[in-house]
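# Chains, contacts and geometry: an overview
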There are 2 protein chains.
Amino acid sequence: MEIDIDIEEYTAIFKALAHPTRLTIAYNLMKKPECNVNRMSECLNIPQPTVSQHLSILKNAKVITGKRCGNQICYKVDNKKVISILSQLAK
Amino acid sequence: MEIDIDIEEYTAIFKALAHPTRLTIAYNLMKKPECNVNRMSECLNIPQPTVSQHLSILKNAKVITGKRCGNQICYKVDNKKVISILSQLAK
DNA sequence: TGACAATATTCGAATATTGTAATATTCTCA
DNA sequence: TGAGAATATTACAATATTCGAATATTGTCA
């Protein structure tokens, strides 16, 4: 019964995605990359610090990355494995 | 920014899979269905009651189902969405 | 029926996660 | 430089999860 995937790696990914707010953020970022924090906060109607905390969890799990674009920080899903998982969901 | 997937449904799935033991069980069951509890307990070297608890969580999340086969209960992954997610992992 | 094998449930302590509020940091640009 | 916008961090109470131990339940078959 050999296992051919990295269980710890995927456990971390699933854990990061196992929250409605974070899954929504990640899924939306996959479909439409480059979104800043305030915009997410407004769209989701969730306080900005709470959004930042969830983004931090997603970043630590290597699900997303952020880069500064002038005034703000633009996030996107930057993980092939995550993209292939999220892409499955709408099928 | 319309969302076209059922966030709650997938959150429940990811939450169920977001544990090393449960992910291992689900992944193995997908690759080789029909495994009973004691066998899992032995293969994983995890106490039987603990395995049962994890199976219960996977069942509640509709990830697996179990049916009695004579003396024992055989579990398998019985959820198309979960199968399509788990199938991605080895790619 | 009764013994045994297989599986499930309950409980409690330890740990982790969550949301909110308050505050801090970082960057831009006038 | 300094004000303001954007983002991040901290602290804490409430809630949820985890594991192990003890025990209970369920089904089979002699």
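These numbers come from a predicted model, not from an experiment.

### Some details on the protein's contact with DNA strand D
Lining the immediate surroundings of DNA strand D are 21 residues, of which A:Asn38, A:Gln48, A:Ser52, A:Gln72 and A:Tyr75 lie closest. Within 4 Å of the protein, atoms of DNA strand D come from sugar and phosphate in 67% of cases. A distance of 2.8 Å separates a phosphate oxygen of DNA strand D from a polar backbone atom of A:Asn38. Taking B:Arg22, its side chain carries an N or O atom lying 3.4 Å from a phosphate oxygen of DNA strand D. Of all the secondary structure elements, the ones that give two or more residues to the surface near DNA strand D are helix 3 (37-44), helix 4 (48-60) and strand 2 (72-77) of chain A together with helix 4 (48-60) of chain B. Residue contributions to the surface near DNA strand D peak at five residues, all from helix 4 of chain A. For the surface near DNA strand D, the residue count by class is five nonpolar, 12 polar and four charged.

### Topic: the protein's contact with DNA strand C
Taken together, 21 residues surround DNA strand C, and among them A:Lys15, B:Asn38, B:Gln48, B:Ser52 and B:Tyr75 come closest. Counting only the atoms of DNA strand C within 4 Å of the protein, the fraction contributed by sugar and phosphate is 65%. In this structure, B:Asn38 approaches DNA strand C through a main-chain N or O atom, which is 2.8 Å from a phosphate oxygen. Sorting the residues of the surface near DNA strand C by element identifies helix 4 of chain A together with helix 3 (37-44), helix 4 and strand 2 (72-77) of chain B as the ones contributing at least two each.

Rules used throughout
- Residues numbered from 1 in each chain as written.
- Chains lettered and ligands numbered in written order.
- Predicted model: local features only at pLDDT ≥ 70, side-chain atom pairs only at ≥ 80, totals over all residues.
- Heavy atoms only, no water.
- Near = heavy atom within 4 Å.
- Polar contact = N/O pair within 3.5 Å; in protein donor to acceptor, adjacent residues only side chain to side chain.
- Helix = DSSP H or I, 4+ residues; strand = E, 2+ residues; numbered from the N terminus.
- Nonpolar A, V, L, I, M, F, W, Y, C, P; charged D, E, K, R; others polar.

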